[in-house]
Amino acid sequence: MNTYDLNLILNPNLSAEQVQIEKDFIESTMKNAGAELSNLDDLGNRRLAYQVGKDREGYYLMYTIKAAGNPEKDIASTLRLRDHVRRVLVVKDRPEWKTKKA
């Protein structure tokens, strides 16, 4: 199993209950795809670099997952169909990117 970063931007106007519903759906989608959740960074509302739709802000969720196969196809394609999901990005974690060069 490989390690991936799953980054999502949600609608910034969601209530706390709606955000929890989206988190539950995301986690169930990961389980259905056979992925394991390692870490969740809930960054909350942040300003976007550019406007997405009519929003200048977005609710950021950053997951670290372990998955076999292709999570871009299995997980991200399902999450993109949600109404409150603005952006989805899946990046394979590479250890050499975390080492400092002298």
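Everything discussed here concerns the structure shown above.
An account of the accompanying structure is given in this report.

The rules we used
- Residues numbered from 1 in each chain as written.
- Predicted model: local features only at pLDDT ≥ 70, side-chain atom pairs only at ≥ 80, totals over all residues.
- Heavy atoms only, no water.
- Helix = DSSP H or I, 4+ residues; strand = E, 2+ residues; numbered from the N terminus.
- Rg over C-alpha atoms; globule rule 2.2 N^0.38 Å.
- Buried < 20%, exposed > 50% of the residue type's maximum accessible area, 1.4 Å probe, protein only.
- Contact = heavy atoms within 4.5 Å.
- Areas by Shrake-Rupley, 256 points an atom, 1.4 Å probe, with all protein chains shown as cover.
- Lys, Arg positive; Asp, Glu negative; His and termini not counted.
- Charge placed at Lys NZ, Arg CZ, Asp CG, Glu CD.
- Pairing = 2+ DSSP bridges.
- Axes fitted to C-alpha atoms, helices over the stretch in contact; angles between N-to-C directions.
- Salt bridge = Lys/Arg side-chain N within 4 Å of Asp/Glu carboxyl O.
- Polar contact = N/O pair within 3.5 Å; in protein donor to acceptor, adjacent residues only side chain to side chain.

### Considerations on the overall build of the protein chain
Summing up its helical and strand segments, the protein chain has two helices and four strands in all. If you list the helices and strands of the protein chain from N to C, you get β-α-β-β-α-β. Whereas a compact globule of 102 residues would reach a radius of gyration of roughly 13 Å, the protein chain reaches 14 Å, a difference of no more than 12%. Overall size of the protein chain, expressed as C-alpha extent along the three principal axes, is 40 × 40 × 20 Å. Taking all 102 residues of the protein chain together, 32% fall into the buried category. Residue pairs in contact within the protein chain that sit at least 24 positions apart in sequence constitute 71% of those at least 6 positions apart. A total of about 6600 Å² of accessible surface is found on the protein chain, and carbon and sulfur atoms cover 48% of it. In the protein chain, 17 side chains carry a positive charge and 15 a negative one; their mean positions are 6 Å apart.

### Quick word on the sheet that holds strand 2 (residues 36-52)
Read across the sheet, four strands follow the order 2-3-1-4 without closing on themselves; strand pairing throughout is antiparallel. Strand pairing shows two members of the sheet lacking a second neighbour, strand 2 and strand 4 (85-92), which therefore form its edges. Neighbour to neighbour, the strand axes of the sheet diverge by 20 degrees on average, direction disregarded. Seen against the sheet, helix 1 (residues 16-32) touches strand 1 (2-10), strand 2, strand 3 (55-67) and strand 4 and runs at an angle of roughly 30 degrees to strand 3. Against the sheet, helix 2 (residues 71-79) engages strand 1, strand 3 and strand 4, with an angle of about 170 degrees to strand 4.

### Topic: the pattern of salt bridges
Applying the stated criterion to the full structure yields four salt bridges. Residue Lys23 pairs with Asp42 through a salt bridge whose shortest N-O separation is 2.6 Å. Remark: Asp42 occurs in strand 2 and Lys23 occurs in helix 1; sequence separation between them is 19 residues. Classification of Asp42 by relative accessible area gives partly exposed; the value is 34%.

### A few points about the side chain of Asn11
By the secondary structure assignment, Asn11 is in the loop between strand 1 and helix 1. Given a relative accessible area of 12%, Asn11 falls into the buried group. Within the structure, Asn11 has its side chain in polar contact with the backbone nitrogen of Asn13 (distance 3.0 Å). With near-sequence residues (within four places) excluded, Asn11 lies in contact with Asp55, Tyr59, His84 and Arg86.

### Remarks on the environment of Arg86
Note that Arg86 resides in strand 4. By relative accessible area, Arg86 is classed as partly exposed at 27%. Through-space distance from the C-alpha of Arg86 to that of Glu96 is 30 Å; in sequence the pair is 10 residues apart. There is a polar contact of 3.3 Å between the side chain of Arg86 and the backbone oxygen of Asp83.

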